[in-house]
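# Chain and residue survey
Here is how the chains run, residue by residue.
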Amino acid sequence: GQVPAVRPAAGIAPEMLARRREVVFQLEINWSLIAKLAFLVFLLYDEEHPNRLYGLVLGAIVVYLWQIGKLDGLKRMIQTFAPRTANLV
């Protein structure tokens, strides 16, 4: 039989869908930041417990994503819930 044509989502232009697919898979790699974070994990890990290593690696990944701007949505969410300094006085 024939293969049915794929219909784009309602209200979204096919060019926009193609652009979204490009953005999803685009990841900027900052090798100097990765090297600095790896060195910091190496310094802080003292081979006592593997859970400490997992925590340090997870923290380094979060810091890396924060620094390259992949967590901008989380930044905005934190800023909306954080108290304003003018309101604290």
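Below or above, wherever it landed, is the structure these notes cover. (Residues numbered from 1 in each chain as written. Predicted model: local features only at pLDDT ≥ 70, side-chain atom pairs only at ≥ 80, totals over all residues. Heavy atoms only, no water.)

Across its full length, the protein chain holds five helices and zero strands. The buried share among the 89 residues of the protein chain stands at 9%. Within the protein chain, contacts between residues at least 6 apart in sequence are counted, and of these 41% link residues at least 24 apart. Carbon and sulfur atoms form 63% of the exposed surface of the protein chain, whose accessible area is close to 8,200 Å². (Helix = DSSP H or I, 4+ residues; strand = E, 2+ residues; numbered from the N terminus. Buried < 20%, exposed > 50% of the residue type's maximum accessible area, 1.4 Å probe, protein only. Contact = heavy atoms within 4.5 Å. Areas by Shrake-Rupley, 256 points an atom, 1.4 Å probe, with all protein chains shown as cover.)

This part is about the nonpolar core. With seven residues, the main nonpolar core is built from Leu-33, Leu-37, Val-41, Leu-56, Ala-60, Tyr-64 and Ile-68. Elements that contribute at least two residues to this core include exactly α2 (31-44) and α3 (50-67). Sequence-distant contacts of Leu-37, that is, excluding residues within four places in its chain, are made with Ala-60, Val-63 and Tyr-64. (Core = buried A, V, L, I, M, F, W, Y, C linked by side-chain atoms within 4.5 Å.)

Moving on to the pattern of salt bridges. Where side chains of opposite charge bring their charged atoms close, a pairing between them can arise. All told, the structure shown has two salt bridges when counted by the stated rule. For Asp-46, the salt bridge is made with Arg-52, and the minimal N-O distance between the two is 3.9 Å. The partner of Lys-75 in a salt bridge is Asp-72, with the nearest N and O atoms 3.8 Å apart. Of this pair, Lys-75 and Asp-72 both sit in helix α4 (residues 72-81), three residues apart, which is roughly one turn of the helix. Residue Lys-75 is classed as partly exposed on the basis of its relative accessible area, which comes to 24%. Exposure remark for Asp-72: the relative accessible area of 34% places this residue in the partly exposed category. (Salt bridge = Lys/Arg side-chain N within 4 Å of Asp/Glu carboxyl O.)

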